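Close look at the chain arrangement
Residues per chain are reported as follows:
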Amino acid sequence: MNKTSFYTTQQVAELLNKSVPTIYKYIQDGKLIPVDDFWRAHRGKLFDKDAVHAFKQTLEGNSGMTISEALVI
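In this report, the structure presented in the accompanying data block is examined. These figures come from a predicted structure and were not determined experimentally. (Residues numbered from 1 in each chain as written. Predicted model: local features only at pLDDT ≥ 70, side-chain atom pairs only at ≥ 80, totals over all residues. Heavy atoms only, no water.)

1. A short note on the packing of helix α1 (residues 9–16) against helix α3 (residues 49–60)
Between two packed helices, what matters for the description is the angle formed by their axes and the separation of those axes. Here is the rule: Orientation is described by axes fitted as lines to C-alpha atoms, over the contacting stretch for helices, and by angles from 0 to 180 degrees between their N-to-C directions. In this text, helices come from DSSP runs of H or I with a minimum length of four residues, and strands from runs of E with a minimum of two, each type numbered from the N-terminal end. For any helix crossing, the convention is left-handed if the near helix is rotated counterclockwise from the far helix by under a right angle, and right-handed if that rotation is clockwise. The criterion used for residue contact is that any of the two residues' heavy atoms lie within 4.5 Å.
Running from N to C, α1 and α3 cross one another at 30°; their axes reach a closest spacing of 11 Å. Once α1 is placed against α3, the crossing between them reads as right-handed. Contacts between α1 and α3 involve Val 12, Leu 15 and Leu 16 on the former and, on the latter, Val 52, His 53, Phe 55, Lys 56 and Leu 59.

Shown next as structure tokens:
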């Protein structure tokens, strides 16, 4: 496995234009699945880039908001 094949939680949040707590909600809901951090190089989770991009496409087809996003409005 290559470190460049993964995103950190912060990178996923930036790519999806979501907050870090929203990313953890997606994990809790089973919408995003983190991978094991074999390197233990940072705190947080790692995500397969291909899986994140596939998830991003599903979000782009869905105009809804999470509850936490709605509460910010």
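2. Some details on the packing of α1 against helix α2 (residues 20–28)
Definition in use: Oblique is the label for any angle not under 35 degrees, not over 145, and not in the 65 to 115 range, which are roughly parallel, roughly antiparallel and roughly perpendicular in turn.
Where α1 meets α2, the closest approach of the two axes is 9 Å, and the angle between their N-to-C directions is 100°. In terms of axis orientation, α1 runs roughly perpendicular to α2. Of α2, the residues touching α1 (which contributes Thr 9, Gln 10, Val 12, Ala 13 and Leu 16) are Val 20, Ile 23 and Tyr 24.

3. Let's talk about the nonpolar core
Cut-off, in case you're wondering: Side-chain atoms within 4.5 Å link the members of a nonpolar core, which is a set of buried Ala, Val, Leu, Ile, Met, Phe, Trp, Tyr and Cys residues. Exposure is judged per residue with a 1.4 Å probe applied to protein chains only, and the accessible area is read against the type maximum: over 50% gives exposed, under 20% gives buried, and values in between give partly exposed.
In terms of nonpolar packing, the biggest core is built from twelve residues, these being Tyr 7, Val 12, Ala 13, Leu 16, Ile 23, Tyr 26, Ile 27, Leu 32, Phe 47, Val 52, Phe 55 and Leu 59. Of all the secondary-structure elements, those providing two or more residues to this core are α1, α2 and α3.

4. What about α3?
Selection rule: Helices are assigned an expected span. That span is 1.5 Å times one less than the residue count. The directions from the helix axis to the C-beta atoms form the arc being described. Counted as a polar contact is a pair of N or O atoms within 3.5 Å, where, for protein atoms, one must be capable of donating a hydrogen and the other of accepting one, and residues adjacent in sequence contribute only when both atoms are in side chains.
Here α3 spans 17 Å end to end across twelve residues, near enough to the 16 Å set by a 1.5 Å rise per residue. Restricting attention to buried positions, one finds in α3 the residues Val 52, Phe 55 and Leu 59. Angular distribution of buried residues about the axis of α3 spans 65°; they occupy a single face of the element. Among the exposed residues of α3, those pointing more than 90 degrees away from its buried face are Asp 50, Gln 57 and Glu 60. Taken together, the buried residues of α3 touch β1 (6–8), α1, α2 and β2 (46–48). A side-chain oxygen of the first residue of α3 lies 3.1 Å from the backbone nitrogen of Asp 50; this N-cap is Asp 48.

5. Observations regarding the packing of aromatic side chains
Stated precisely, the cut-off is as follows: Only centres within 6.5 Å qualify two rings of Phe, Tyr or Trp (six-membered ring in Trp) as a pair; their planes then separate them into stacked at under 30 degrees, edge-to-face at over 60, and tilted for everything else.
Counting across every chain of the model gives one aromatic pair. Arranged with centres 5.0 Å apart and planes meeting at 70°, the rings of Tyr 26 and Phe 55 form a pair that is edge-to-face. Here Phe 55 lies in helix α3 and Tyr 26 lies in helix α2, a separation of 29 residues in the sequence. Judged by its relative accessible area of 10%, Phe 55 is buried.

What is shown is where atoms sit, not what they do.
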